[in-house]
Amino acid sequence: MKMVRLIPRNAKFFGSVAKAFSLLICSMYSMSALGQQSGATGIISGTIVDADFGGSVFNAKVLITELNETVTANMDGKYFFGNVPEGQYTLVSTAGYYKSVRVEDVQVAAGEVTKLDIPMYNDDSEVVELDAIVVKAAVLANSDIGLLAARQKAPAIGDAIGSDSFGKLGVGDAADALSKVTGVSISDGKYMIVRGLSDRYNNTTLNGSTVPSADPDKRAVQLDQFPSGIIESVVTTKSFTPDKSGSFAGGSVNVITKSIPDARFMSISAGLSYNEQVDSIDFLSTVGSDSDWLGSDDGIRAIPELALDPDNIPLPGSRDFDDAAANRLVAISKSFTPEMEPSRSSAPLNRSFSFSFGDRFHLTGDPEKMLLGVIGSLSYKRSYSGYDDGIVRRYEGSSIGVTNPIDFNEASSTDFAQWGAVFNTTLQVNNNHKIGIKSMYNQSGSDNATIRSGDFELAGSDFFQARLLQYTERTLNSYQLFGEHVIAGVEGLRIDWEASKSKSVQDEPDFRLFYDATPNIGRPTFQGNFPAPRRYWRRMDEENEEFSFDMTHQIPGSAHEIKFGFSSIDIHRDFNERLFTYVTRRSPEPYNGDVSTFLSDANLSLDSQGRVQRYIAESVGAVPEYFGDQTVDAMYLMLDIKPLENWRMILGARKEDAKIALQSFNFRGDPNSNDGNLSNDDWLPAFHIVREISGNQNIRLAFSKTLARPNFRELSPFGSFDNAGGEVFIGNPELVRSRIQNLDLRYEWFMDEGQLLATSAFYKKMDDPIESAFSEGQLTFANVEEATLYGLELEYRKKLPILRGENSSLTFGSNLTFTESEVNRTEQDLIRKRLRDPDISATRELQGQSAIVGNANLFWEQMKWGSSLSLVYNYTGERLYSVSDGDLSDIFEDPTHSLDFIYSQRLKNNFSMRLSFSNLLDEDKRKFLDDPDGELIYSLNGSGRSVSLSFTKRFE
């Protein structure tokens with residue numbers, strides 16, 4: 001058998017501790033100067049925004065008239081005044097080719113930061129007839145001009161949600177954040193579905209760099225890996241422009257970590273959470289490691305040293321004749337932990353903790369040169385979830401109907417621990433050049449215990465039980481080196497580059513399964529028509545290396561811009577699995593149904609004649625193992641021009657040269673010969689046209705071509721048993737990439753005070769879309785010939801007149817998406833299904849598509865008291881979960897409704913409090929087969945209502 005590479009667990013654990021210790025040292029250094037800022041001064045900072053064309057205004061001058069103090073905005077349009085005495089001021093902003101802007105009544109409070117983004121209009125703009133624009137600071141502060149301008153002037157259609165909204169909406173991670181975005185829903189708590197397209201048609205980047213997946217079976221990134229404490233904003237792009245990767249159809253999500261602060265700060269937060277359902281059940285737990293609280297196993301679940309080398313395990317034929325081999329086999333069998341079923345206990349309260357800090361340092365006497373900024377955060381959470389009244393049912397199908405149903409009750413509990421750290425540092429050499437490093441580390445561990453019990457007629461028993469003990473550990477780290485440069489002597493020329501390396505690991509050590517059955521007559525049995533007791537070790541490592549280079553030239557004195565660049569990404573994945581099963585030749589006592597005695601010392605010892613009784617053996621079947629390499633080299637050219645007044649065009653094309661090479665191995669270590677390999681060159685054109693109306697309204701029209709490639713696991717031909725779901729997962733080496741044509745139309749109206757009205761229509765034609773399919777115990781993937789998808793998005797945000805005063809406001813926000821799709825059923829599928837349902841349609845919807853997805857929220861704020869109340873509602877309509885490729889019907893998910901209430905209160909001495917009530921509707925989660933004779937439950941479970949309380953202390 002092929003030797004499997006293993007990574008020492010202790011080394012990985014100590015590496016995690018080292019990273020945490022390094023971050024702590026950095027935080028101590030950064031915070032050593034806290035408290036030194038003068039209490040009589042404050043800060044004014046913000047961004048100078050091009051109100052006509054979007055983006056920032058480079059080299060704008062900002063003057064405080066009362067102090068006669070001037071600063072120059074950097075390449076990102078950002079300006080900064082430190083040590084401004086408390087009081088009221090007037091700011092004047094000037095720049096070449098722009099009208100000057102005078103901002104009055106700028107209030108500065110001692111020890112606080114006044115954020116003020118200033119819009120500037122081109123000299124030929126007809127927005128005003130005066131040579132200068134005068135505006136009150138309160139108007140700019142309330143309108144949040146920077147956030148609105150980024151969306152209003154963006155070249156592509158998209159949406160964004162920032163950290164300021166996380167507390168209002170009860171957001172805990174990136175998956176939660178995206179569930180509030182128009183047209184986005186979340187599957188399994190971590191995978192995004194955008195505009196009805198499943199996770200495989202979307203991509204995720206971290207600060208612009210590709211994120212590797214920690215799921216061996218999916219291309220999608222698990223978005224619950226990114227806790228809200230480390231996120232500055234989540235930006236969703238829904239229409240393609242050539243400067244972005246073309247590998248998406250629904251949406252491209254960029255998770256942006258926290259940036260350099262305007263002033264030094266430190267914040268500490270801690271909270272507790274109670275779930276009524278978890279408190280009402282006997283929580284299933286296992287014997288874990290001492291480091292489980294850190295989301296990392298310390299080695300207790302590792303393959304015992306005696307069994308690391310497969311050649312050390314005696315082969316059949318020698319066990320009863322070779323004393324040395326028999327004794328070695330006994331020692332190996334006893335070296336595995338004997339626990340094969342969970343114990344019952346009570347679950348503690350959920351808890352969370354976060355710590356963040358930041359500062360900026362002027363390394364020279366010139367405030368516009370050699371500015372070093374640092375920011376870091378550390379977040380932690382430990383949560384417990386579970387239920388004891390779940391239902392799991394499986395079926396077989398035939399032309400006459402469903403046969404041999406399997407009906408199980410399910411109890412399941414999960415102990416989840418996660419911590420994440422971010423450390424970013426940027427050196428601004430001067431206003432023309434800056435370089436920096438962004439780093440992120442995330443570690444999580446999920447300890448799940450499940451018991452399924454019920455009738456299993458195929459096993460010839462009255463009562464069947466399955467016990468599953470599964471620990472899943474995930475690690476994600478990312479390091480990015482970037483530079484931004486404005487080239488002196490060439491006006492309007494900017495260069496941006498980035499080099500990044502990231503790694504994702506998913507480890508499942510010692511996944512244990514024990515099946516047994518108790519008949520009406522006779523003894524219990526642990527093996528028969530179902531698998532023998534078994535243990536899995538699975539590990540996936542995926543590494544990404546990426547480099548990108550972008551050059552942008554804005555023609556001086558105009559709104560025309562030309563942009564070109566190139567990028568290269570290399571992805572390498574390793575996956576391996578080892579399987580051990582228990583074999584019984586003879587035992588001192590027959591099995592009596594007591595799992596705790598199954599691996600007793602007596603059962604694992606030699607009998608009185610020196611013969612092996614019960615022992616562990618490595619599976620002699622096919623052992624999944626593969627590695628894959630993917631390279632994507634791309635180059636693009638894009639023009640962003642204004643051919644007429646109030647008209648804007650973005651056009652260009654991207655060329656992507658992609659290669660995927662995959663190699664899998666059988667249990668002997670010999671390579672399989674039928675692995676899927678792809679090599680494609682694709683031209684991806686894009687055309688956008690924007691009509692600007694009245695300065696705050698847009699009509700957008702966009703056409704583009706994009707694609708979606710199959711992932712490594714989908715292409716690999718071997719089969720693996722999904723023990724949790726009970727199906728065999730088999731890849732398909734015949735898969736080809738999907739090609740998509742996209743058409744988008746949007747109207748958007750950006751009103752004062754952050755109010756918004758937007759409506760979008762979209763249409764997609766897909767050639768060779770890839771979908772998952774199941775057929776009586778088997779899961780696989782297949783290309784369907786073509787599909788179409790179309791829909792409508794509505795978004796509205798309004799400040800209501802009721803409960804409104806000088807220091808209070810009530811805001812209503814909502815979004816609603818209607819989606820329809822159509823896929824032709826295969827001729828074979830249609831023939832088989834019409835045997836039972838002659839009227840079945842020749843078409844169906846796309847997998848993962850919901851007809852309706854919506855959000856609504858009410859947010860009331862009383863600024864003088866520091867109080868706020870939020871009511872947040874989310875709805876996801878019924879959607880196709882999995883497609884049947886046989887006699888069985890397709891599997892659907894029920895619609896889901898969720899309602900949360902959040903109360904926040906500012907307290908004395910920079911303390912604040914938040915009280916949240918989540919999942920108030922407490923609906924069951926149900927999947928079902930849409931059978932002609934009626935809906936058949938596939939799975940059903942609840943999650944329970946919860947209440948959480950947290951406190952935050954901020955030092956400035």
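Residues numbered from 1 in each chain as written. Predicted model: local features only at pLDDT ≥ 70, side-chain atom pairs only at ≥ 80, totals over all residues. Heavy atoms only, no water.

K.L.:
What am I meant to see in the overall build of the protein chain here?
P.N.:
Scanning the protein chain from terminus to terminus reveals ten helices and 50 strands. Evaluated residue by residue, the protein chain yields a buried proportion of 54% over its 956 residues. Within the protein chain, counting contacts between residues at least 6 apart in sequence, those at least 24 apart form 72% of the total. Looking at the protein chain as shown, the accessible area adds up to about 39,700 Å², and 55% of this sits on carbon and sulfur atoms. (Helix = DSSP H or I, 4+ residues; strand = E, 2+ residues; numbered from the N terminus. Buried < 20%, exposed > 50% of the residue type's maximum accessible area, 1.4 Å probe, protein only. Contact = heavy atoms within 4.5 Å. Areas by Shrake-Rupley, 256 points an atom, 1.4 Å probe, with all protein chains shown as cover.)

K.L.:
Teacher, can you tell me more about helix α7 (residues 323-335) here?
P.N.:
Helical geometry note: an α-helix holds 3.6 residues per turn, so side chains three or four residues apart project in the same direction. Helix length check: α7 (13 residues) gives 18 Å between terminal C-alpha atoms against 18 Å at 1.5 Å per residue, within 8%. For α7, the secondary structure elements touched by its buried residues are α8 (601-604) and β28 (614-618). (Expected span 1.5 Å × (residues − 1).)

K.L.:
Is there a simple way to explain the sheet that holds strand β13 (residues 203-206) in this structure?
P.N.:
Neighbouring strands of a sheet are bound in pairs by backbone hydrogen bonds; such pairs are parallel or else antiparallel. Across the sheet, which stays open at both edges, the five strands sit in the order β10-β15-β16-β13-β14 with mixed pairing between neighbours. At either margin of the open sheet sits one strand with a lone partner, and together these are β10 (158-162) and β14 (209-210). With six bridges joining them, strand β15 (residues 231-237) and strand β16 (residues 252-257) adopt antiparallel strand pairing. Each residue of the ladder has a partner; that of S233, found in β16, is I256. (Pairing = 2+ DSSP bridges.)

K.L.:
I keep staring at the packing of aromatic side chains and nothing clicks. Help me out?
P.N.:
To describe a pair of aromatic rings, one takes the distance between the centres and the angle between the planes. Counting across every chain of the model gives 25 aromatic pairs. Note on Y79 and F81: the rings are 6.1 Å apart at their centroids and 65 degrees apart in plane angle, and the pair reads as edge-to-face. We note that Y79, like F81, is buried. With centroids separated by 4.8 Å and ring planes inclined at 75 degrees, the aromatic side chains of F526 and F598 adopt a geometry described as edge-to-face. (Phe/Tyr/Trp six-rings, centres within 6.5 Å; stacked < 30°, edge-to-face > 60°.)

K.L.:
I keep staring at the pairing of β13 and nothing clicks. Help me out?
P.N.:
Burial along β13 is two-sided: N203 and T205 and T204 and L206, pointing in opposite directions, are all buried. Strand direction decides the pairing type here: β13 and β16, joined by four bridges, are parallel. Each bridged residue has a counterpart across the sheet, and for T204 the counterpart in β16 is V253. Linking β13 back to β14 in an antiparallel pair, the connection comprises two residues, with N207 at a positive phi of about 55 degrees.

K.L.:
How should the environment of N711 be read in this particular structure?
P.N.:
Along the chain, N711 falls in the loop between β32 (697-708) and α9 (712-715). Sequence spacing of N711 and I660 is 51 residues, and the spatial spacing of their C-alpha atoms is 8.8 Å. Separated by 2.7 Å, the side chain of N711 and the backbone nitrogen of E714 make a polar contact. (Polar contact = N/O pair within 3.5 Å; in protein donor to acceptor, adjacent residues only side chain to side chain.)

K.L.:
Could you clarify how one ought to interpret the pattern of salt bridges in this entry?
P.N.:
A side chain with one charge may pair with a side chain of the opposite charge, provided their charged atoms come close. According to the stated counting rule, one finds 54 salt bridges in the structure shown. Between E793 and R195 there is a salt bridge; the shortest N-O distance is 3.0 Å. A residue pair is termed long-range when its members are at least 10 positions apart, and E793 in strand β39 (residues 786-800) and R195 in the loop between β12 (191-194) and β13 qualify at 598 residues. Residue class for E793 comes out buried when judged on its relative accessible area of 1%. When the shortest N-O distance is used, the salt bridge between D541 and K503 registers 3.6 Å. One end of the pair, D541, is in strand β26 (residues 534-554); the other, K503, is in strand β25 (residues 493-518), with 38 residues separating them in the sequence. The buried category is assigned to D541, whose relative accessible area is 12%. One network of salt bridges, in which partners are shared, links D159, R195, K238, R700, D744, R746, E748 and E793. (Salt bridge = Lys/Arg side-chain N within 4 Å of Asp/Glu carboxyl O.)

K.L.:
It is not clear to me how unusual backbone geometry should be interpreted in this structure. Could you clarify?
P.N.:
Generally, phi is negative for residues other than glycine and the peptide bonds are trans, each holding for most cases. In this structure, N910 takes a positive phi of about 65 degrees despite not being glycine. Note that N910 resides in the loop between β46 (896-906) and β47 (911-918). Backbone geometry at D922 places phi at a positive 45 degrees, although glycine is not the residue there. If you trace the backbone, D922 turns up in the loop between β47 and β48 (925-931).

K.L.:
When you look at the confidence of the model for the protein chain in this model, what are you seeing that I'm missing?
P.N.:
Caution applies to low-pLDDT regions: their predicted coordinates should not be interpreted in detail. Mean pLDDT over the protein chain works out to 83, with 89% of the residues at or above the 70 mark. When pLDDT is averaged over each element of the protein chain, strand β18 (residues 283-285) comes out on top at 94 and helix α1 (residues 9-31) at the bottom at 40. Counted against residues more than four places away or in other chains, residues 1-38, with its pLDDT under 50, gives 65 contacts. (pLDDT = per-residue confidence, 0-100.)

K.L.:
I keep staring at a nonpolar patch on the surface and nothing clicks. Help me out?
P.N.:
Residues F687, I699, L701, F703, L743, L745, Y763 and Y790 make up a contiguous nonpolar surface patch of about 680 Å² in total accessible area. Listing elements by their share of the nonpolar patch, those giving two or more residues are β32 and β35 (738-750). Among the elements that line the nonpolar patch, the one with the most residues is β32, at three residues. Position of F703 relative to the elements: it lies in strand β32. Relative accessible area serves as the criterion here: at 33%, F703 is assigned to the partly exposed category. (Patch = residues over 30% accessible without salt bridge, like charges linked within 9 Å, V, L, I, M, F, W, Y side chains within 5 Å.)

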